[in-house]
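Commentary on secondary and tertiary structure
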Amino acid sequence: MIRPDAPSDQADRLMAADSAAVRQARGAKAAVDPWRPIAVWDEEEVAAPGEMVDCRVVFLAGAECPFTCAMCDLWRHTLAGPTPPGALPAQIEAALAHAPAIPPMAAGPDPRWIKLYNASNFTDPRAVPVVDRPRIAALVERFERVIVETHPRLVDDSLEHFARSIGGRLEVALGLETIHPVILPRLNKQMTPADFAAACTRLQAADIDARAFVLVGLPGLDEPASIDAAIDAARFAAAAGCRHVSLIPTRSGNGFFDRLAADGSFVPVTAGAAEAALAGSLAAVPSDCLVTLDLWDWDRMAGHCGRCRAARRARIEQMHRARALLPPAPLDCGCRHEL
Ligand code: SF4
Ligand SMILES: [Zn+2]
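Definitions and cut-offs
- Here the residue index of a chain counts from 1 through its sequence in written order.
- Labels are handed out in written order, letters beginning with A for the chains and numbers beginning with 1 for the ligands.
- Whole-chain, interface and lining totals are the exception, using all residues; otherwise, since this is a predicted model, local features are given only for residues with pLDDT of at least 70 and side-chain atom pairs are given and counted only at 80 or more.
- Axis angles are defined between N-to-C directions and span 0 to 180 degrees, where every axis is a line fitted to C-alpha atoms and, for a helix, only to the segment in contact.
- Helical segments are the DSSP runs of H or I of at least four residues, strand segments are the runs of E of at least two, and each set is numbered from the N terminus.
- Crossing handedness follows the turn of the near helix against the far one: under a right angle anticlockwise gives a left-handed crossing, and clockwise gives a right-handed one.
- Placing C-beta atoms from the backbone, we regard two residues as in contact once those atoms come within 7 Å.
- Think of it as three bins: nonpolar holds Ala, Val, Leu, Ile, Met, Phe, Trp, Tyr, Cys and Pro, charged holds Asp, Glu, Lys and Arg, and polar takes everything else, Gly as well.
- The burial criterion counts other C-beta atoms lying within 10 Å of a residue's C-beta, which is placed from the backbone; the residue is buried at 20 or more, exposed at 12 or fewer, and partly exposed between these limits.
- Each pair of strands is called paired provided DSSP finds at least two bridges between the two strands.
- By convention the nonpolar core is taken to be a set of buried residues drawn from Ala, Val, Leu, Ile, Met, Phe, Trp, Tyr and Cys and joined through C-beta atoms within 7 Å.
- Being near a molecule or strand means, for a residue, that its C-beta atom, positioned from the backbone, comes within 6 Å of it.
- Expected span, for any helix, means 1.5 Å times one less than how many residues it has.

1. Quick look at the packing of helix H8 (residues 223-239) against helix H10 (residues 271-284)
When two helices pack together, their arrangement is given by the angle between their axes and by how far apart the axes lie. Where H8 contacts H10, the axes come no closer than 9 Å and their chain directions differ by 35 degrees. The way H8 lies across H10 gives a crossing that is right-handed. Residues Glu223, Ser226, Ile227, Ala230, Ile231, Ala234 and Arg235 of H8 form the contact with H10, whose participating residues are Ala273, Ala276, Ala277, Gly280, Ser281 and Ala284. When grouped by side-chain class, the residues that make up the contact of H8 with H10 number 8 nonpolar, 3 polar and 2 charged.

Dropping the structure here:
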């Protein structure tokens, strides 16, 4: 259940994000070379409970997303203008040619899946030039699953065409973020939960899988309310047909959320709250929907310590692999697992 606690007047004023306010709060972009990927590594993905695959993750350099969501920090590594034709195929060739710094974790010499995350929308011709799509499809032909990302309102027929042109199965990652009726409009996502559900329906009709990104930690809400909101959103995404819900602890550091953090309107969730959101979501959604907690920032989160951090991460990873709740190990360090 979504708690009725709406943000305070002060938080409400601060959170009245529009594109101009979000842009005004930003710092400078990083220098980005359009002919080199931002980052490449391999990570473990859950194909099904107990079945792991290696996935090559490619952060592509390209045009900035036009949506300007309040919590987004992806704009920092984007170009000032459109993606030059030819740049993305060159980046993908480089990402496939060189072994990443982080070695594969699951068995097998080569990753079977690939993520092409472009910090924007795969269906936006400004970000992914139409002329490059056949070459991109050919480059990822050998992968069993190709995962791209786009805004739910930009799901269109080009995805079905791309799905037919690759050798494996296409999965489209969509940011749901939250279904909280007060917070979602203030994130400047420019989307409703109904838009998200419609996008999922369209993908299903085209036999394309969907993955949802759900935020853990919302401005104007305390931790228990943020946990409940994440579980509500996970339940919504599963009901909309997503095969995977990825819980993302909300980060500051993008300018606008730093202002909210300075005002006290946004506090990044603790490790215990993230664990609670994962446990609650695993229990709330049907078993055919995978649920994972993004651990990219785990080590930087508050609420764990040097004595429990690694063991708690290992438990979360085990929960991902098994798609099951596991009992928390007793802590003798003073930290708490869950709220
Ligand atoms: S739609 Fe995604 S990439 Fe675009 S601004 Fe929002 S969070 Fe960032
Ligand atoms: Zn501890």
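From this point on, the discussion continues.
2. Re the pairing of strand S8 (residues 290-293)
Of the two faces of S8, both are covered, the one formed by Leu290 and Thr292 as well as the one formed by Val291 and Leu293. Bridge count between strand S7 (residues 244-249) and S8: 4 bridges; the pairing is parallel. Bridging across to S8, serine 246 finds its partner in threonine 292.

3. Some details on the nonpolar core
In this structure, Val214, Ala230, Ala234, Ala237, Val245, Leu247 and Ala277 are the most contacted members of the largest nonpolar core, which totals 93 residues. For this core, the element with the highest residue contribution is H8, accounting for 9 residues. Beyond its immediate sequence surroundings of up to four residues, leucine 247 is in contact with Val214, Val216, Ala230, Ala234, Ala277, Leu278, Ser281, Val291, Thr292, Leu293 and Asp294.

4. Re the environment of glycine 272
Take glycine 272: it is sitting in helix H10. Measuring from C-alpha to C-alpha, the distance between glycine 272 and valine 285 comes to 20 Å, with 13 residues separating the pair along the chain.

5. Comments concerning the site of ligand 1
Close to ligand 1 lie Cys65, Phe67, Thr68, Cys69, Cys72, Leu74, Ala119, Ser120, His151 and Gly175. Considering only residue class, the shell around ligand 1 consists of 6 nonpolar, 4 polar and no charged.

6. Remarks on H10
In this model H10 runs 20 Å from its N-terminal to its C-terminal C-alpha over 14 residues, within 8% of the 20 Å that 1.5 Å per residue would give. Within H10, 12 of the 14 residues are buried, leaving the element largely enclosed by the surrounding structure. Listing the buried residues of H10 in full gives Ala271, Gly272, Ala273, Ala274, Glu275, Ala276, Ala277, Leu278, Ala279, Gly280, Ser281 and Leu282. Where the residues of H10 are buried, they touch strand S6 (209-216), H8, S7, S8 and helix H11 (309-322).

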